[in-house]
Amino acid sequence: MRNLDTGFDKVYRRIESRVSELPDSLIAHIERTRDLAERLADIHGVNPQRCSMGAIAHDLARHLTESQLLVESQSSNITVNSYEYKAPVLLHGPLAAHWLKSDLNCQDEEVINSVKYHTTGHPEMTDIEKIVFIADKVEPDKVQRNPELELVVSRMEANLDATVLEYLKLRIGSILDKKGVVHPLAIDTWNYFLQKNS
Ligand SMILES: [Fe+2]
Ligand SMILES: [Fe+2]
């Protein structure tokens, strides 16, 4: 595996081949996320191919059950924190990022991080990471199912930081309304972008 070609097109095709084995509904979500990521990349002058790669790889582990996510993460030496033990779905980004690097031989750390952190975000996200994060959250089907997201969509062509903040405000707010636990990375991301833009 280690000897696999690290060229962009080769890595991209290996990811596409893994995507083709996923459940149909997940493939459809990944394709909508890819299309939006490429469009946002064009609008914001960011490399569309790298955004596209992050988008097609982001949910490679989303079909696994909670116990599979825990077992796979532990056998891949991914550190599992208390939040992730309680909600193993949080591990699907880190696990997909691990596969991207170790199995599919992607060496683009920004693309790898865009996959790793697509659920929570993280402070100092780069534009590629922001675009994959946003495209996953507001691809058309998700907006149709949750019209509240229109507010996030209304920001995405003008300003990526403002879009991330708008999304986190909605998401963290709804978790707090339900007295749920907010992942510390989501809070850190909120604080970081709020201070950066104030
Ligand atoms: Fe995901
Ligand atoms: Fe997703």
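These remarks concern the structure in this document. (Residues numbered from 1 in each chain as written. Chains lettered and ligands numbered in written order. Predicted model: local features only at pLDDT ≥ 70, side-chain atom pairs only at ≥ 80, totals over all residues.)

## So, unusual backbone geometry
So, point 1. A positive phi angle, near 65 degrees, is found at Glu124, a position not held by glycine.
So, point 2. By the element assignment, Glu124 lies in the loop between helix H7 (109–116) and helix H8 (127–137).
So, point 3. The phi torsion at Lys179 lies on the positive side, around 55 degrees, for a residue other than glycine.
So, point 4. Summarising the element assignment, Lys179 is placed in the loop between helix H11 (160–177) and helix H12 (184–196). (Helix = DSSP H or I, 4+ residues; strand = E, 2+ residues; numbered from the N terminus.)

## Re the nonpolar core
Where a protein is soluble and globular, its nonpolar side chains tend to be buried together.
So, point 1. Core analysis: the largest hydrophobic core is formed by 45 residues, its most contacted members being Ala37, Ile131 and Ile134.
So, point 2. Among the elements that make up this core, the one with the highest residue count is H8 (6 residues).
So, point 3. With sequence-adjacent residues up to four places away left out, Ile131 is seen in contact with Ala37, Leu40, Ala41, Val46, Cys51 and Leu160. (Core = buried A, V, L, I, M, F, W, Y, C linked by C-beta atoms within 7 Å. Buried ≥ 20, exposed ≤ 12 C-beta atoms within 10 Å, placed from the backbone. Contact = placed C-beta atoms within 7 Å.)

## Overview of helix H2 (residues 24–44)
The α-helix advances 3.6 residues per turn, and as a result positions three or four apart in sequence lie on the same side.
So, point 1. End to end, H2 covers 30 Å across 21 residues, agreeing with the expected 30 Å (1.5 Å per residue, within 8%).
So, point 2. Considered for burial, the residues of H2 that qualify are Ile30, Thr33, Arg34, Leu36, Ala37, Leu40 and Ala41.
So, point 3. Close packing links the buried residues of H2 with helix H1 (8–19), helix H3 (48–57) and H8.
So, point 4. At the C-terminal side of H2, Gly45 shows a positive phi close to 65 degrees. (Expected span 1.5 Å × (residues − 1).)

## Focus on the packing of H2 against H3
So, point 1. It is the contact of H2 with H3, at a shortest axis distance of 8 Å, that shows an interaxial angle of 155 degrees. Taken together, the axis directions place H2 and H3 in an arrangement best described as roughly antiparallel. As for how H2 packs across H3, the hand of that crossing is right-handed. Facing Ile30, Thr33, Arg34, Ala37, Glu38, Ala41 and Asp42 of H2, the residues of H3 in contact are Pro48, Cys51, Ser52, Gly54, Ala55 and Ile56.
So, point 2. Of the residues contributing to the contact of H2 with H3, the split by class is 7 nonpolar, 3 polar and 3 charged. (Axes fitted to C-alpha atoms, helices over the stretch in contact; angles between N-to-C directions. Parallel < 35°, antiparallel > 145°, perpendicular 65-115°, else oblique. Left-handed = near helix turned anticlockwise from the far one by under 90°. Nonpolar A, V, L, I, M, F, W, Y, C, P; charged D, E, K, R; others polar.)

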